[in-house]
Amino acid sequence: MDISKSDLKKFRNNIGKWQELYMEKLCKEYVDLLQSDNLPSEKFWELEERIKADKKRPGVMVSIGRDELIYDIVGLIKDEAITFEDLDEFSDELRDRVQKILSM
C-alpha cells in the first residue's frame, strides 16, 4: 500500500503525543513494580528487562517512514498506546489496511 502524504503528515503530527501518553503509562507501571514487595534485586532486574523490551515498542520509538507506517500503527494499537478511534482523521484506505492486519 502506498501511504499518502496526508496520512504520513497526520502520523507525524500525532506520534509525539501518542508516545508521551504511552510512556506515561509505562512510568506508572514501573513505579508499581518498584513499590512491590519483591526483593530490591528482583525489582531492579525486572525493571531492567521491562525497559529493555519497552524501548523497542512503537509507543516509545518509531522510524516515522512510509515503509513501516502501517506496521507502526498496528503495533501502537496492539500495545494499547492508541485505539483504532485515534485513526479517525486518517484516510479510509489506511484504516481499512490497519483493520485487515489487526484481524489476521
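Here's what I pulled together on the structure shown here.

Rules of the game
- Residues numbered from 1 in each chain as written.
- Predicted model: local features only at pLDDT ≥ 70, side-chain atom pairs only at ≥ 80, totals over all residues.
- Heavy atoms only, no water.
- Axes fitted to C-alpha atoms, helices over the stretch in contact; angles between N-to-C directions.
- Helix = DSSP H or I, 4+ residues; strand = E, 2+ residues; numbered from the N terminus.
- Parallel < 35°, antiparallel > 145°, perpendicular 65-115°, else oblique.
- Left-handed = near helix turned anticlockwise from the far one by under 90°.
- Contact = heavy atoms within 4.5 Å.
- Nonpolar A, V, L, I, M, F, W, Y, C, P; charged D, E, K, R; others polar.
- Expected span 1.5 Å × (residues − 1).
- Bend = angle between axes of the 7 residues up to and from the residue.

## A closer look at the packing of helix α1 (residues 5-34) against helix α2 (residues 40-54)
Viewed as axis vectors pointing N to C, α1 and α2 meet at an angle of 165°, and their least axial separation amounts to 10 Å. When the interaxial angle is binned, α1 and α2 end up roughly antiparallel. The way α1 lies across α2 gives a crossing that is right-handed. Side by side, α1 and α2 meet where Leu26, Glu29, Tyr30, Leu33 and Leu34 of the first sit next to Lys43, Glu46, Leu47, Arg50, Ile51 and Asp54 of the second. A class-by-class count of the residues in the contact of α1 with α2 yields 6 nonpolar, no polar and 5 charged.

## Comments concerning α1
Taking 1.5 Å per residue as the helical rise, α1 with its 30 residues ought to reach 44 Å, and the 43 Å between its terminal C-alpha atoms agrees with that figure. Along α1, the sharpest change in direction is near 35° and occurs at Asn14. Contacts from the buried residues of α1 go to α2, α3 (69-78) and α4 (92-102).

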